[in-house]
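Overview (structure and organization)
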Amino acid sequence: MSPNGRFVGGYAASVAPDDSWQYSPVITDLETGEVYEFGPYPEAIHFLTQTMCISDHGVLFIKDGYNGGTVAFDTEGNITEPRSPEGYKGKPTIEATSSDGKYWVGYANDDILSEGGLTRPLLWTDGIPAELPFPDKNFRNEDFRVGIMARGISANGEIIYGTSWENDDCGMLYWKNNGTTVEEPRWVGDDIRRLTPVIVEDWMGEYEYNLVDGCICTAETTKVSPSGKWIATTYRKEEVGSDGFIAYVQRPAFYNTETETTTVVEDYGEATGMHVTDDGIAFIGIGTMFITEGKVYDLNTGTDLGNMADWVAENYGIIIPGGVIEYISADGRYIFGTSVNALGNGFDDWYIAPPLQ
């Protein structure tokens, strides 16, 4: 769903006469009901594998899982392939876009990884790519081995967040974008982040390791509120267990970029911060993986507002198929979420939009 909720996008897969796959991008205008469908395109040209994001102008970004990179489609059928900065050898992945489409964020490999390159977070301004500032050290205060991916951007384009992707940390960081310059990154939840050096012993033997109590994120692209005031995250505490392995305790958390303070919610046990509105209504997924149930929480009063399905029924008069809310537009009229499908072996996306006039 686009940031202001006007468009939703995806693609349909079908089988070509030669038994290969072919793909048709589909863009729906929720204000008019008009549906734009293009293609189908053979898999040898565009092997579409994952819908990434769509702007409020209807520009849809879909990942090409075979040829690499991301392909953009608009409502007039134009196709573009975003480029990486000069000198990069890897094609870029676009993860999210601002409401007006001026800014895109994502990542690309600056070189062949086997030759020592890193994954770099990128910001495109009017289609022109540039590297985002890179921290000196990774989440564990060590040298980078893999790199950083920019994951999401606020609807107004002012707050960008990403993940330090070193296989064992996925630390969450953010940048402030004032339109002319981007500030140096900071770790989300840096007011409660703690590093503890320890000696760990496992099948690799004894070695030094930095435990981190801090905020993490994986590949979610809708963690930031529309104005960038709030970032939804997960606060993870680490300790060495009696068996010598690292043990984790995770709680949903929400970082205020204006006050630079973190609110950790203890009410639900092991859970994940999914999304948050500008006025501090938080959406929490119960559990840490394969999340199928969600709660709504008021950060202003510290009160539980019930499960997400009941909250939607009460506030919108609509019955949703359970699941979790991943995004709400700034005006509150549009909701995007996901639920376990009828077969119980995957997830279906759904949306709520005002009735057509």
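Quick note: structure is the one above.
Described below are features of the structure shown in this document. (Residues numbered from 1 in each chain as written. Predicted model: local features only at pLDDT ≥ 70, side-chain atom pairs only at ≥ 80, totals over all residues. Heavy atoms only, no water.)

Per the secondary structure count, the protein includes one helix and 28 strands. Its C-alpha atoms give the protein a radius of gyration of 21 Å, near enough to 21 Å, the size a compact globule of 357 residues would have. Considering only C-alpha atoms, the protein reaches an extent of 60 × 55 × 45 Å along its principal axes. Counting only contacts in the protein whose residues sit at least 6 apart along the sequence, the fraction spanning at least 24 positions is 43%. (Helix = DSSP H or I, 4+ residues; strand = E, 2+ residues; numbered from the N terminus. Rg over C-alpha atoms; globule rule 2.2 N^0.38 Å. Contact = heavy atoms within 4.5 Å.)

With that settled, consider the sheet that holds strand E12 (residues 128-131). Taken in spatial order, the four strands line up as E9-E10-E11-E12 in an open sheet, and their pairing is antiparallel. Two strands bound the open sheet, and with one partner strand each, they are strand E9 (93-97) and E12. Taking each pair of neighbouring strands and ignoring which way they run, the sheet shows an average axis angle of 30°. (Pairing = 2+ DSSP bridges. Axes fitted to C-alpha atoms, helices over the stretch in contact; angles between N-to-C directions.)

With that settled, consider the sheet that holds strand E7 (residues 70-73). As summarised here, the arrangement of the four strands in space is E5-E6-E7-E8, forming an open sheet in which the pairing is antiparallel. The two strands at the open ends of the sheet, each matched to only one other strand, are strand E5 (48-54) and strand E8 (79-80). As defined by bridge partners, strand E6 (residues 60-64) adjoins E7 across four bridges and the pair is classed as antiparallel. Within E7, the residue paired with Lys63 across the bridge is Thr70.

Turning our attention to the environment of Phe139. Along the chain, Phe139 falls in the loop between E12 and strand E13 (148-153). For Phe139, a relative accessible area of 1% puts it in the buried group. Separated by 171 residues in the primary sequence, Phe139 and Asp310 place their C-alpha atoms 38 Å from one another. (Buried < 20%, exposed > 50% of the residue type's maximum accessible area, 1.4 Å probe, protein only.)

Before going further, it helps to examine the environment of Ala309. For Ala309, the position within the fold is in helix H1 (residues 308-316). The sequence separation of Ala309 and Val240 amounts to 69 residues, and the corresponding C-alpha distance is 38 Å. In contact with Ala309, other than residues within four places in its own chain, are Ile320 and Gly322.

Next up on the list: the packing of aromatic side chains. Evaluation of the coordinates by the stated rule reveals 13 aromatic pairs. Between Tyr41 and Phe73, the ring centres sit 6.0 Å apart and the planes meet at 25°, which makes this aromatic pair stacked. Here Tyr41, found in strand E4 (residues 41-42), pairs with Phe73, found in strand E7; they are 32 residues apart in sequence, far enough to count as distant. Looking at Tyr41, the relative accessible area reads 17%, which means it is buried. Pairwise contacts between aromatic rings join Tyr11, Tyr23, Phe47 and Tyr66 into one cluster. Here Arg120 stacks its cationic end above the ring of Phe134, 4.4 Å away from the centre of that ring. The ring centre of Trp165 lies 5.2 Å from the NZ or CZ of Arg151, which sits over that ring. (Phe/Tyr/Trp six-rings, centres within 6.5 Å; stacked < 30°, edge-to-face > 60°. Lys NZ or Arg CZ within 6 Å of the ring centre and 35° of its normal.)

We now examine the nonpolar core. Counting residues in hydrophobic clusters, the biggest one holds 19 residues, and the most contacted among them are Val105, Leu123, Leu132, Ile148, Ile153, Ile160 and Trp175. Of all the elements in the fold, those that place two or more residues in this core are strand E10 (103-109), E13, strand E15 (171-176) and strand E18 (205-216). With three residues, E13 is the single largest residue contributor to this core. Discounting residues that sit within four places of it in the chain, Leu132 has contacts with Pro121, Leu122, Leu123, Ala150, Ile160, Trp175 and Val182. Met308, Trp311, Val324 and Ile325 belong to the second-largest nonpolar core, a separate cluster that totals 15 residues. (Core = buried A, V, L, I, M, F, W, Y, C linked by side-chain atoms within 4.5 Å.)

It is worth spelling out the layout of surface pockets at this point. As a volume, the second largest pocket reaches approximately 170 Å³. Asp168, Val200, Asp202, Tyr207, Tyr209, Gly244, Phe245, Ile246 and Tyr248 are the residues that line the second largest pocket. Breaking the lining of the second largest pocket down by element, the ones donating at least two residues are strand E17 (194-202), E18 and strand E20 (246-256). A breakdown of the residues in the lining of the second largest pocket according to their chemical character gives six nonpolar, one polar and two charged. (1 Å grid on protein atoms, 1.4 Å probe; cavity = no way out; pocket = protein on both sides within 12 Å on 5 of 7 lines; lining within 4 Å. Points joined across faces, edges and corners; volume = space filled by probe spheres on them. Nonpolar A, V, L, I, M, F, W, Y, C, P; charged D, E, K, R; others polar.)

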